[in-house]
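If you want the building blocks of each chain, they are given just below.
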Amino acid sequence: MQLEKDLDQKGEKQKEENTRCLNMLGHFGFECLPHQLVNRSLQRGFSFNILCVGETGIGKSTLIDTLFNTNFKDNKSSHFYSNVGLKIQTYELLESNVQLKLTIVKTMGYGDQINKEASYQPIVDYIDAQFEAYLQEELKIKRSFSEYHDSRIHVCLYFISPTGHSLKSLDLLTMKSIHNKVNIIPLIAKADTISKNDLQMFKSKIMRELVSNGIHLYQCPIDDETTAQMNSAMNGLLPFAVVGSMDEVKVGKRMVRGRQYPWGVLQVENENHCDFVKLRDMLLCTNMEDLKEQTHTRHYEHYRCSKLLTMGFTDVGPDNQPVSFQEIYEAKRQEFYDQCQMEEEELKQRFMQRVKEKETAFKEAEKELQDKFEHLKKVQQEETMKLEEERKQLEEEIIGFYKMKTSSETLPAQLCTNLKKDKDRKK
Ligand code: GTP
Ligand code: MG
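Anyway, here's the lowdown on the structure attached to this text. Fair warning: this is a prediction, and the values are worked out from it, not measured in the lab.

Re the pattern of salt bridges
Opposite charge on two side chains permits pairing when their charged atoms draw close.
Phase 1: Applying the stated criterion to the full structure yields 18 salt bridges.
Phase 2: Close ionic contact of Asp128 with Lys181 constitutes a salt bridge, the shortest N to O distance being 3.0 Å. Taken together, the positions of Asp128 in helix α4 (residues 121-139) and Lys181 in the loop between α5 (169-178) and β5 (184-188) put the pair 53 residues apart, joining distant regions of the chain.
Phase 3: We note a salt bridge from Glu269 to Arg280, for which the minimum N-O separation is 2.9 Å. One end of the pair, Glu269, is in the loop between β9 (264-267) and α8 (276-286); the other, Arg280, is in helix α8, and 11 residues separate them in sequence.
Phase 4: Taken together, the shared-partner salt bridges in this structure form one network comprising Asp74, Lys87 and Lys106.

Brief notes about the site of ligand 1
Phase 1: Among the 16 residues in the neighbourhood of ligand 1, the closest are listed as Lys60, Ser61, Thr62, Ser77 and Asp192.
Phase 2: Gly57 places a main-chain nitrogen or oxygen 3.1 Å from an oxygen atom of ligand 1.
Phase 3: One of the side-chain nitrogen or oxygen atoms of Lys190 is found 3.0 Å away from an oxygen atom of ligand 1.
Phase 4: Bound to the protein, ligand 1 loses 81% of the 650 Å² it would expose on its own.

Remarks on the packing of aromatic side chains
Phase 1: Under the defined criterion, the tally for this structure stands at 11 aromatic pairs.
Phase 2: Centroid distance Phe68 to Phe72: 6.2 Å. Interplanar angle 70°. Geometry classified as edge-to-face. Exposure class is identical for Phe68 and Phe72. Each is buried.
Phase 3: Here the aromatic rings of Phe145 and Tyr148 are separated by 5.9 Å at their centres, their planes lie at 85°, and the arrangement is edge-to-face.
Phase 4: Pairwise contacts between aromatic rings join Phe131, Tyr134, Phe145, Tyr148, Tyr300 and Tyr303 into one cluster.
Phase 5: Directly above the ring of Tyr134 sits Arg152, whose terminal nitrogen or CZ lies 3.5 Å from the centroid.
Phase 6: For the cation-ring pair, Arg152 lies above Tyr300, with the distance from its terminal atom to the ring centre recorded as 4.9 Å.

Remarks on the pairing of strand β3 (residues 98-108)
Residues in a regular strand project their side chains so that they alternate between the two faces of the sheet.
Phase 1: Counting buried positions over the 11 residues of β3 gives 8, a clear majority of the element.
Phase 2: Across 7 bridges, strand β1 (residues 46-53) lies against β3 in parallel orientation. The residue of β3 that forms the bridge with Phe48 is Leu102.
Phase 3: Bridge count for strand β2 (residues 85-95) against β3 is 11 bridges, and the pairing is antiparallel. Note on β3: the bridge partner recorded for Leu93 is Leu100.
Phase 4: Hairpin remark: β2 followed by β3, antiparallel, with 2 residues in the connecting loop; positive phi at Ser96, about 45°.

Things to note about the environment of Ser47
Phase 1: One can find Ser47 in strand β1.
Phase 2: Note on Ser47: relative accessible area 19%, which makes it buried.
Phase 3: Discounting residues that sit within four places of it in the chain, Ser47 has contacts with Leu100, Lys101, His154 and Lys292.

Quick look at the nonpolar core
Phase 1: Formed by 72 residues in total, the largest nonpolar core has its most connected members in Leu157, Ile185 and Leu279.
Phase 2: In terms of residue count, the dominant contributor to this core is α4 (7 residues).
Phase 3: Among residues more than four places away in sequence, those in contact with Leu279 are Leu63, Leu67, Leu157, Ile185, Leu187, Phe240 and Val242.

A look at the state of the cysteines
Phase 1: Scanning all chains against the criterion turns up 0 disulfides.
Phase 2: Sulfur of Cys52: no disulfide; nearest cysteine sulfur belongs to Cys156 and is 8.0 Å away.

What counts and how
Residues numbered from 1 in each chain as written. Chains lettered and ligands numbered in written order. Predicted model: local features only at pLDDT ≥ 70, side-chain atom pairs only at ≥ 80, totals over all residues. Heavy atoms only, no water. Salt bridge = Lys/Arg side-chain N within 4 Å of Asp/Glu carboxyl O. Helix = DSSP H or I, 4+ residues; strand = E, 2+ residues; numbered from the N terminus. Near = heavy atom within 4 Å. Polar contact = N/O pair within 3.5 Å; in protein donor to acceptor, adjacent residues only side chain to side chain. Areas by Shrake-Rupley, 256 points an atom, 1.4 Å probe, with all protein chains shown as cover. Phe/Tyr/Trp six-rings, centres within 6.5 Å; stacked < 30°, edge-to-face > 60°. Buried < 20%, exposed > 50% of the residue type's maximum accessible area, 1.4 Å probe, protein only. Lys NZ or Arg CZ within 6 Å of the ring centre and 35° of its normal. Pairing = 2+ DSSP bridges. Contact = heavy atoms within 4.5 Å. Core = buried A, V, L, I, M, F, W, Y, C linked by side-chain atoms within 4.5 Å. Disulfide = S-S within 2.5 Å.

What follows is the structure, given as C-alpha coordinates:
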(Lines give C-alpha, C1' and ligand atoms only; values in the text may rest on other atoms or scores of the structure.)
(Ligands and ions follow the chains in the order given, each with its own letter.)
Protein backbone atom coordinates (compact mmCIF):
# COMPACT_ATOMS: atom_id res chain seq x y z
CA MET A 1 0.00 0.00 0.00
CA GLN A 2 2.77 2.36 1.03
CA LEU A 3 4.66 1.40 -2.14
CA GLU A 4 1.58 2.20 -4.27
CA LYS A 5 1.25 5.59 -2.57
CA ASP A 6 4.94 6.34 -3.13
CA LEU A 7 4.66 5.34 -6.78
CA ASP A 8 1.60 7.57 -7.23
CA GLN A 9 3.42 10.48 -5.66
CA LYS A 10 6.45 9.80 -7.86
CA GLY A 11 4.20 9.67 -10.93
CA GLU A 12 2.65 12.98 -10.01
CA LYS A 13 6.09 14.47 -9.58
CA GLN A 14 7.25 13.08 -12.94
CA LYS A 15 4.14 14.47 -14.64
CA GLU A 16 4.85 17.77 -13.04
CA GLU A 17 8.43 17.58 -14.25
CA ASN A 18 7.04 16.57 -17.67
CA THR A 19 9.09 13.36 -17.83
CA ARG A 20 8.15 10.07 -19.57
CA CYS A 21 6.01 7.77 -17.41
CA LEU A 22 6.31 3.89 -17.59
CA ASN A 23 3.22 1.79 -16.87
CA MET A 24 3.64 -1.51 -14.94
CA LEU A 25 2.99 -4.58 -17.10
CA GLY A 26 2.83 -7.41 -14.50
CA HIS A 27 1.42 -7.86 -11.01
CA PHE A 28 3.53 -7.22 -7.94
CA GLY A 29 3.06 -7.92 -4.22
CA PHE A 30 0.23 -9.87 -2.62
CA GLU A 31 -2.26 -8.95 -5.30
CA CYS A 32 -0.75 -12.01 -7.04
CA LEU A 33 -2.20 -14.40 -4.45
CA PRO A 34 -5.35 -15.29 -6.45
CA HIS A 35 -3.18 -16.07 -9.49
CA GLN A 36 -1.13 -18.49 -7.41
CA LEU A 37 -4.31 -20.28 -6.35
CA VAL A 38 -5.66 -20.40 -9.91
CA ASN A 39 -2.37 -21.80 -11.23
CA ARG A 40 -2.16 -24.43 -8.52
CA SER A 41 -5.78 -25.51 -9.07
CA LEU A 42 -5.22 -25.74 -12.82
CA GLN A 43 -2.18 -27.92 -12.26
CA ARG A 44 -3.90 -30.21 -9.79
CA GLY A 45 -7.17 -30.37 -11.69
CA PHE A 46 -10.67 -30.48 -10.23
CA SER A 47 -12.83 -33.32 -9.04
CA PHE A 48 -16.59 -33.54 -8.75
CA ASN A 49 -18.77 -36.43 -7.60
CA ILE A 50 -22.43 -36.67 -8.61
CA LEU A 51 -24.99 -39.16 -7.33
CA CYS A 52 -28.04 -39.73 -9.56
CA VAL A 53 -31.01 -41.29 -7.81
CA GLY A 54 -34.04 -42.16 -9.88
CA GLU A 55 -36.18 -44.94 -11.25
CA THR A 56 -34.96 -47.15 -14.06
CA GLY A 57 -35.29 -45.42 -17.44
CA ILE A 58 -36.18 -42.01 -15.96
CA GLY A 59 -33.43 -40.28 -18.00
CA LYS A 60 -30.40 -40.24 -15.68
CA SER A 61 -27.77 -41.19 -18.28
CA THR A 62 -29.21 -38.89 -20.96
CA LEU A 63 -29.19 -35.91 -18.60
CA ILE A 64 -25.57 -36.52 -17.49
CA ASP A 65 -24.51 -36.86 -21.16
CA THR A 66 -26.32 -33.59 -21.95
CA LEU A 67 -24.80 -31.79 -18.95
CA PHE A 68 -21.21 -32.60 -19.95
CA ASN A 69 -21.93 -32.73 -23.70
CA THR A 70 -20.23 -36.12 -23.78
CA ASN A 71 -21.50 -39.55 -24.64
CA PHE A 72 -20.50 -41.61 -21.61
CA LYS A 73 -21.83 -44.78 -23.31
CA ASP A 74 -23.85 -46.15 -20.42
CA ASN A 75 -25.79 -49.40 -20.75
CA LYS A 76 -29.47 -49.51 -19.86
CA SER A 77 -30.36 -51.15 -16.53
CA SER A 78 -32.66 -54.10 -16.05
CA HIS A 79 -36.00 -53.80 -14.26
CA PHE A 80 -35.48 -57.15 -12.52
CA TYR A 81 -32.88 -56.49 -9.84
CA SER A 82 -33.91 -57.95 -6.50
CA ASN A 83 -32.18 -55.07 -4.67
CA VAL A 84 -31.17 -51.52 -5.49
CA GLY A 85 -27.59 -51.34 -6.71
CA LEU A 86 -25.13 -48.56 -7.56
CA LYS A 87 -23.05 -48.09 -10.69
CA ILE A 88 -19.88 -46.05 -10.11
CA GLN A 89 -17.96 -44.63 -13.05
CA THR A 90 -15.05 -42.19 -13.07
CA TYR A 91 -14.06 -40.12 -16.10
CA GLU A 92 -11.19 -37.71 -16.79
CA LEU A 93 -12.52 -34.74 -18.78
CA LEU A 94 -10.58 -31.87 -20.30
CA GLU A 95 -12.07 -28.54 -21.41
CA SER A 96 -9.88 -25.55 -22.36
CA ASN A 97 -6.93 -26.72 -20.26
CA VAL A 98 -9.13 -27.42 -17.24
CA GLN A 99 -9.02 -31.02 -16.05
CA LEU A 100 -12.02 -32.50 -14.30
CA LYS A 101 -12.11 -35.89 -12.61
CA LEU A 102 -15.79 -36.68 -12.69
CA THR A 103 -17.33 -39.54 -10.71
CA ILE A 104 -20.89 -40.46 -11.51
CA VAL A 105 -22.79 -42.83 -9.25
CA LYS A 106 -26.17 -44.00 -10.57
CA THR A 107 -28.81 -46.16 -8.98
CA MET A 108 -29.79 -49.43 -10.66
CA GLY A 109 -33.17 -51.01 -10.11
CA TYR A 110 -34.41 -48.13 -7.95
CA GLY A 111 -38.19 -48.38 -7.47
CA ASP A 112 -38.46 -51.78 -9.21
CA GLN A 113 -38.92 -53.97 -6.13
CA ILE A 114 -42.35 -54.82 -4.70
CA ASN A 115 -41.12 -54.14 -1.18
CA LYS A 116 -39.36 -50.77 -1.40
CA GLU A 117 -38.71 -50.37 2.32
CA ALA A 118 -34.96 -50.97 2.11
CA SER A 119 -34.45 -49.27 -1.29
CA TYR A 120 -32.68 -46.25 0.21
CA GLN A 121 -30.27 -48.27 2.37
CA PRO A 122 -27.59 -48.96 -0.31
CA ILE A 123 -27.56 -45.22 -1.11
CA VAL A 124 -27.13 -44.24 2.55
CA ASP A 125 -24.45 -46.90 3.02
CA TYR A 126 -22.50 -45.68 -0.01
CA ILE A 127 -22.53 -42.03 1.13
CA ASP A 128 -21.43 -43.04 4.65
CA ALA A 129 -18.71 -45.32 3.30
CA GLN A 130 -17.13 -42.40 1.39
CA PHE A 131 -17.21 -40.24 4.54
CA GLU A 132 -15.68 -43.09 6.53
CA ALA A 133 -12.87 -43.52 3.98
CA TYR A 134 -12.06 -39.80 4.21
CA LEU A 135 -12.16 -39.90 8.03
CA GLN A 136 -9.81 -42.89 8.07
CA GLU A 137 -7.41 -40.98 5.81
CA GLU A 138 -7.59 -37.99 8.17
CA LEU A 139 -6.87 -40.16 11.21
CA LYS A 140 -3.85 -41.84 9.60
CA ILE A 141 -0.41 -40.95 10.96
CA LYS A 142 1.01 -40.78 7.46
CA ARG A 143 -1.59 -38.92 5.43
CA SER A 144 -1.39 -38.40 1.69
CA PHE A 145 -4.26 -36.14 0.69
CA SER A 146 -2.44 -35.06 -2.48
CA GLU A 147 -2.82 -38.57 -3.93
CA TYR A 148 -6.07 -39.41 -2.15
CA HIS A 149 -9.12 -39.59 -4.40
CA ASP A 150 -11.86 -37.85 -2.46
CA SER A 151 -14.98 -39.84 -3.37
CA ARG A 152 -17.42 -38.00 -1.08
CA ILE A 153 -20.63 -37.19 -2.94
CA HIS A 154 -20.89 -33.46 -3.65
CA VAL A 155 -24.39 -33.41 -5.04
CA CYS A 156 -27.34 -35.76 -5.34
CA LEU A 157 -29.55 -35.19 -8.37
CA TYR A 158 -32.86 -36.68 -7.34
CA PHE A 159 -35.02 -37.54 -10.37
CA ILE A 160 -38.76 -37.19 -9.71
CA SER A 161 -41.21 -38.92 -12.07
CA PRO A 162 -43.24 -36.40 -14.11
CA THR A 163 -46.57 -37.71 -12.80
CA GLY A 164 -48.02 -34.25 -12.20
CA HIS A 165 -49.57 -35.57 -8.99
CA SER A 166 -47.26 -35.75 -6.00
CA LEU A 167 -44.09 -37.30 -4.69
CA LYS A 168 -44.07 -41.04 -4.11
CA SER A 169 -43.51 -42.35 -0.59
CA LEU A 170 -40.19 -43.80 -1.76
CA ASP A 171 -39.07 -40.31 -2.83
CA LEU A 172 -39.86 -38.90 0.61
CA LEU A 173 -38.31 -41.84 2.44
CA THR A 174 -35.06 -41.67 0.48
CA MET A 175 -34.70 -37.89 0.60
CA LYS A 176 -35.43 -37.92 4.34
CA SER A 177 -32.69 -40.46 4.98
CA ILE A 178 -30.02 -38.64 2.96
CA HIS A 179 -30.81 -34.93 3.36
CA ASN A 180 -28.35 -34.58 6.25
CA LYS A 181 -25.62 -36.40 4.34
CA VAL A 182 -25.63 -34.83 0.89
CA ASN A 183 -26.68 -31.72 -1.06
CA ILE A 184 -29.97 -32.69 -2.71
CA ILE A 185 -31.12 -31.00 -5.90
CA PRO A 186 -34.53 -32.31 -6.95
CA LEU A 187 -35.26 -32.57 -10.69
CA ILE A 188 -38.51 -33.21 -12.48
CA ALA A 189 -37.32 -35.68 -15.12
CA LYS A 190 -38.65 -35.75 -18.70
CA ALA A 191 -40.32 -32.39 -18.07
CA ASP A 192 -41.35 -32.29 -21.77
CA THR A 193 -44.09 -34.80 -20.94
CA ILE A 194 -45.97 -32.34 -18.74
CA SER A 195 -47.77 -29.15 -19.75
CA LYS A 196 -46.59 -25.68 -18.65
CA ASN A 197 -49.49 -25.07 -16.23
CA ASP A 198 -49.36 -28.55 -14.77
CA LEU A 199 -45.61 -28.17 -14.32
CA GLN A 200 -45.97 -25.02 -12.19
CA MET A 201 -48.62 -26.66 -10.01
CA PHE A 202 -46.51 -29.82 -9.74
CA LYS A 203 -43.46 -27.80 -8.69
CA SER A 204 -45.38 -26.00 -5.92
CA LYS A 205 -46.94 -29.26 -4.73
CA ILE A 206 -43.52 -30.95 -4.53
CA MET A 207 -42.03 -28.05 -2.57
CA ARG A 208 -44.97 -28.04 -0.15
CA GLU A 209 -44.58 -31.77 0.43
CA LEU A 210 -40.83 -31.47 0.97
CA VAL A 211 -41.27 -28.63 3.47
CA SER A 212 -44.03 -30.42 5.38
CA ASN A 213 -41.83 -33.50 5.65
CA GLY A 214 -38.90 -31.44 6.94
CA ILE A 215 -36.62 -32.31 4.02
CA HIS A 216 -33.73 -29.87 3.44
CA LEU A 217 -32.65 -29.21 -0.10
CA TYR A 218 -29.47 -27.58 -1.28
CA GLN A 219 -29.88 -23.80 -1.35
CA CYS A 220 -27.58 -21.72 -3.54
CA PRO A 221 -25.72 -19.18 -1.38
CA ILE A 222 -27.02 -15.64 -1.56
CA ASP A 223 -24.38 -13.94 0.60
CA ASP A 224 -22.06 -13.16 -2.31
CA GLU A 225 -23.11 -9.95 -4.10
CA THR A 226 -21.94 -11.14 -7.52
CA THR A 227 -24.07 -14.28 -7.52
CA ALA A 228 -26.84 -13.40 -5.03
CA GLN A 229 -29.41 -12.38 -7.64
CA MET A 230 -28.79 -15.34 -9.91
CA ASN A 231 -28.71 -17.78 -7.00
CA SER A 232 -31.94 -16.57 -5.43
CA ALA A 233 -33.62 -16.91 -8.85
CA MET A 234 -32.27 -20.48 -9.03
CA ASN A 235 -33.54 -21.28 -5.54
CA GLY A 236 -36.96 -20.12 -6.67
CA LEU A 237 -36.90 -22.54 -9.61
CA LEU A 238 -36.50 -25.69 -7.51
CA PRO A 239 -37.28 -28.45 -8.40
CA PHE A 240 -35.67 -27.95 -11.83
CA ALA A 241 -37.77 -29.21 -14.70
CA VAL A 242 -35.22 -30.85 -17.00
CA VAL A 243 -35.12 -32.45 -20.40
CA GLY A 244 -32.13 -34.37 -21.70
CA SER A 245 -31.10 -35.12 -25.25
CA MET A 246 -27.91 -35.52 -27.23
CA ASP A 247 -29.75 -35.32 -30.58
CA GLU A 248 -29.04 -32.38 -32.87
CA VAL A 249 -32.23 -30.96 -34.37
CA LYS A 250 -32.57 -28.26 -37.03
CA VAL A 251 -34.39 -25.12 -35.88
CA GLY A 252 -34.45 -22.46 -38.60
CA LYS A 253 -30.89 -22.33 -39.82
CA ARG A 254 -29.32 -23.51 -36.60
CA MET A 255 -28.66 -26.98 -35.26
CA VAL A 256 -29.66 -27.26 -31.61
CA ARG A 257 -29.80 -30.04 -29.06
CA GLY A 258 -33.39 -31.04 -28.55
CA ARG A 259 -36.17 -33.55 -28.93
CA GLN A 260 -38.15 -33.62 -32.14
CA TYR A 261 -41.93 -34.13 -31.84
CA PRO A 262 -44.62 -34.27 -34.53
CA TRP A 263 -45.78 -30.83 -33.39
CA GLY A 264 -42.38 -29.19 -32.96
CA VAL A 265 -38.98 -29.21 -31.31
CA LEU A 266 -38.17 -29.01 -27.62
CA GLN A 267 -34.85 -27.21 -27.31
CA VAL A 268 -32.90 -28.46 -24.32
CA GLU A 269 -30.87 -25.26 -24.03
CA ASN A 270 -33.84 -22.90 -24.43
CA GLU A 271 -34.74 -21.43 -21.04
CA ASN A 272 -38.36 -21.01 -22.13
CA HIS A 273 -38.61 -24.74 -22.76
CA CYS A 274 -37.02 -26.17 -19.60
CA ASP A 275 -34.64 -25.44 -16.69
CA PHE A 276 -31.71 -27.43 -18.10
CA VAL A 277 -29.47 -24.37 -18.64
CA LYS A 278 -30.19 -23.14 -15.13
CA LEU A 279 -29.23 -26.53 -13.69
CA ARG A 280 -26.01 -26.63 -15.75
CA ASP A 281 -25.08 -23.08 -14.71
CA MET A 282 -25.77 -23.85 -11.10
CA LEU A 283 -23.83 -27.11 -11.04
CA LEU A 284 -20.86 -26.27 -13.20
CA CYS A 285 -20.51 -22.49 -13.46
CA THR A 286 -21.60 -20.87 -10.21
CA ASN A 287 -21.92 -23.32 -7.36
CA MET A 288 -19.61 -26.30 -7.86
CA GLU A 289 -17.16 -24.96 -5.27
CA ASP A 290 -19.97 -24.17 -2.83
CA LEU A 291 -21.37 -27.70 -3.24
CA LYS A 292 -17.94 -29.10 -2.42
CA GLU A 293 -17.54 -26.75 0.52
CA GLN A 294 -20.99 -27.62 1.89
CA THR A 295 -20.10 -31.31 1.57
CA HIS A 296 -16.96 -30.79 3.60
CA THR A 297 -18.08 -28.25 6.18
CA ARG A 298 -21.65 -29.38 6.77
CA HIS A 299 -22.29 -32.99 5.78
CA TYR A 300 -18.85 -34.49 6.41
CA GLU A 301 -18.54 -32.49 9.63
CA HIS A 302 -21.87 -33.89 10.80
CA TYR A 303 -20.67 -37.44 10.03
CA ARG A 304 -17.27 -36.87 11.68
CA CYS A 305 -18.86 -35.39 14.84
CA SER A 306 -21.35 -38.19 15.36
CA LYS A 307 -18.72 -40.83 14.58
CA LEU A 308 -16.20 -39.42 17.07
CA LEU A 309 -18.91 -38.97 19.70
CA THR A 310 -19.97 -42.62 19.37
CA MET A 311 -16.29 -43.57 19.74
CA GLY A 312 -16.29 -41.67 23.05
CA PHE A 313 -14.40 -38.51 22.06
CA THR A 314 -15.59 -35.13 23.34
CA ASP A 315 -14.34 -31.55 23.36
CA VAL A 316 -15.29 -30.90 26.99
CA GLY A 317 -15.11 -33.01 30.11
CA PRO A 318 -17.89 -33.62 32.69
CA ASP A 319 -16.99 -30.31 34.38
CA ASN A 320 -17.50 -28.51 31.04
CA GLN A 321 -13.78 -27.75 30.81
CA PRO A 322 -11.99 -28.32 27.50
CA VAL A 323 -10.12 -31.60 27.35
CA SER A 324 -7.23 -32.50 25.07
CA PHE A 325 -7.00 -35.55 22.80
CA GLN A 326 -4.25 -36.90 25.08
CA GLU A 327 -6.49 -36.57 28.17
CA ILE A 328 -9.38 -38.32 26.43
CA TYR A 329 -7.03 -41.09 25.32
CA GLU A 330 -5.69 -41.50 28.88
CA ALA A 331 -9.22 -41.43 30.34
CA LYS A 332 -10.38 -44.01 27.79
CA ARG A 333 -7.36 -46.19 28.54
CA GLN A 334 -8.05 -45.96 32.28
CA GLU A 335 -11.73 -46.69 31.68
CA PHE A 336 -10.80 -49.73 29.60
CA TYR A 337 -8.30 -50.88 32.25
CA ASP A 338 -10.91 -50.45 35.01
CA GLN A 339 -13.44 -52.39 32.99
CA CYS A 340 -10.93 -55.18 32.42
CA GLN A 341 -10.17 -55.27 36.14
CA MET A 342 -13.86 -55.34 36.96
CA GLU A 343 -14.49 -58.15 34.51
CA GLU A 344 -11.49 -60.06 35.86
CA GLU A 345 -12.78 -59.63 39.43
CA GLU A 346 -16.23 -60.74 38.35
CA LEU A 347 -14.75 -63.80 36.64
CA LYS A 348 -12.72 -64.62 39.75
CA GLN A 349 -15.83 -64.31 41.96
CA ARG A 350 -17.79 -66.52 39.63
CA PHE A 351 -14.97 -69.05 39.56
CA MET A 352 -14.73 -69.10 43.38
CA GLN A 353 -18.48 -69.50 43.65
CA ARG A 354 -18.36 -72.43 41.22
CA VAL A 355 -15.46 -73.99 43.13
CA LYS A 356 -17.38 -73.61 46.41
CA GLU A 357 -20.47 -75.14 44.89
CA LYS A 358 -18.46 -78.06 43.52
CA GLU A 359 -16.67 -78.50 46.86
CA THR A 360 -19.96 -78.71 48.78
CA ALA A 361 -21.32 -81.10 46.20
CA PHE A 362 -18.17 -83.27 46.52
CA LYS A 363 -18.37 -83.13 50.31
CA GLU A 364 -21.99 -84.18 50.27
CA ALA A 365 -21.22 -87.03 47.90
CA GLU A 366 -18.26 -88.06 50.09
CA LYS A 367 -20.47 -88.03 53.20
CA GLU A 368 -23.09 -90.07 51.43
CA LEU A 369 -20.44 -92.58 50.39
CA GLN A 370 -19.02 -92.66 53.92
CA ASP A 371 -22.49 -93.31 55.39
CA LYS A 372 -23.07 -96.01 52.84
CA PHE A 373 -19.71 -97.53 53.68
CA GLU A 374 -20.45 -97.40 57.43
CA HIS A 375 -23.82 -99.01 56.88
CA LEU A 376 -22.33 -101.75 54.72
CA LYS A 377 -19.56 -102.25 57.29
CA LYS A 378 -22.16 -102.62 60.02
CA VAL A 379 -24.19 -105.04 57.95
CA GLN A 380 -21.05 -107.03 57.19
CA GLN A 381 -20.08 -107.11 60.88
CA GLU A 382 -23.55 -108.32 61.83
CA GLU A 383 -23.39 -110.93 59.13
CA THR A 384 -19.93 -112.03 60.34
CA MET A 385 -21.19 -112.27 63.94
CA LYS A 386 -24.19 -114.27 62.81
CA LEU A 387 -22.00 -116.56 60.80
CA GLU A 388 -19.61 -116.93 63.77
CA GLU A 389 -22.51 -117.91 65.99
CA GLU A 390 -23.78 -120.35 63.43
CA ARG A 391 -20.26 -121.71 63.07
CA LYS A 392 -19.99 -122.17 66.90
CA GLN A 393 -23.38 -123.83 66.95
CA LEU A 394 -22.36 -126.15 64.16
CA GLU A 395 -19.13 -126.97 65.90
CA GLU A 396 -21.01 -127.78 69.09
CA GLU A 397 -23.39 -129.91 67.09
CA ILE A 398 -20.46 -131.68 65.44
CA ILE A 399 -18.85 -132.25 68.86
CA GLY A 400 -22.20 -133.58 70.19
CA PHE A 401 -22.52 -135.79 67.15
CA TYR A 402 -19.04 -137.21 67.57
CA LYS A 403 -19.73 -137.78 71.26
CA MET A 404 -22.90 -139.59 70.39
CA LYS A 405 -21.07 -141.54 67.74
CA THR A 406 -18.31 -142.64 70.13
CA SER A 407 -20.82 -143.53 72.81
CA SER A 408 -22.88 -145.52 70.35
CA GLU A 409 -19.72 -147.38 69.28
CA THR A 410 -18.76 -148.24 72.91
CA LEU A 411 -22.32 -149.15 74.08
CA PRO A 412 -22.66 -152.76 72.59
CA ALA A 413 -19.28 -153.84 74.09
CA GLN A 414 -20.36 -152.43 77.43
CA LEU A 415 -23.64 -154.30 77.20
CA CYS A 416 -21.84 -157.61 76.47
CA THR A 417 -19.50 -157.10 79.43
CA ASN A 418 -22.45 -156.32 81.70
CA LEU A 419 -24.38 -159.37 80.45
CA LYS A 420 -21.34 -161.62 81.01
CA LYS A 421 -20.95 -160.18 84.51
CA ASP A 422 -24.65 -160.88 85.24
CA LYS A 423 -24.31 -164.51 83.95
CA ASP A 424 -21.25 -165.13 86.07
CA ARG A 425 -23.00 -163.80 89.14
CA LYS A 426 -25.96 -166.12 88.61
CA LYS A 427 -23.73 -169.14 88.36
P1 GTP B 1 -31.27 -46.72 -16.64
O2 GTP B 1 -29.84 -46.39 -16.55
O3 GTP B 1 -31.55 -47.89 -17.50
O4 GTP B 1 -31.94 -46.80 -15.31
O5 GTP B 1 -32.02 -45.53 -17.39
P6 GTP B 1 -31.74 -43.98 -17.31
O7 GTP B 1 -32.41 -43.43 -16.13
O8 GTP B 1 -30.30 -43.74 -17.45
O9 GTP B 1 -32.51 -43.44 -18.57
P10 GTP B 1 -31.94 -43.13 -20.00
O11 GTP B 1 -31.16 -41.87 -19.98
O12 GTP B 1 -31.27 -44.33 -20.54
O13 GTP B 1 -33.28 -42.83 -20.81
C14 GTP B 1 -34.27 -43.79 -20.98
C15 GTP B 1 -35.16 -43.36 -22.13
O16 GTP B 1 -35.79 -42.13 -21.82
C17 GTP B 1 -34.43 -43.17 -23.43
O18 GTP B 1 -35.24 -43.65 -24.47
C19 GTP B 1 -34.30 -41.67 -23.57
O20 GTP B 1 -34.30 -41.21 -24.90
C21 GTP B 1 -35.55 -41.19 -22.85
N22 GTP B 1 -35.35 -39.88 -22.27
C23 GTP B 1 -34.26 -39.45 -21.59
N24 GTP B 1 -34.44 -38.18 -21.19
C25 GTP B 1 -35.65 -37.81 -21.63
C26 GTP B 1 -36.40 -36.59 -21.52
O27 GTP B 1 -35.98 -35.62 -20.94
N28 GTP B 1 -37.63 -36.58 -22.08
C29 GTP B 1 -38.15 -37.63 -22.74
N30 GTP B 1 -39.36 -37.52 -23.25
N31 GTP B 1 -37.48 -38.78 -22.84
C32 GTP B 1 -36.24 -38.86 -22.30
MG1 MG C 1 -28.67 -45.11 -17.42
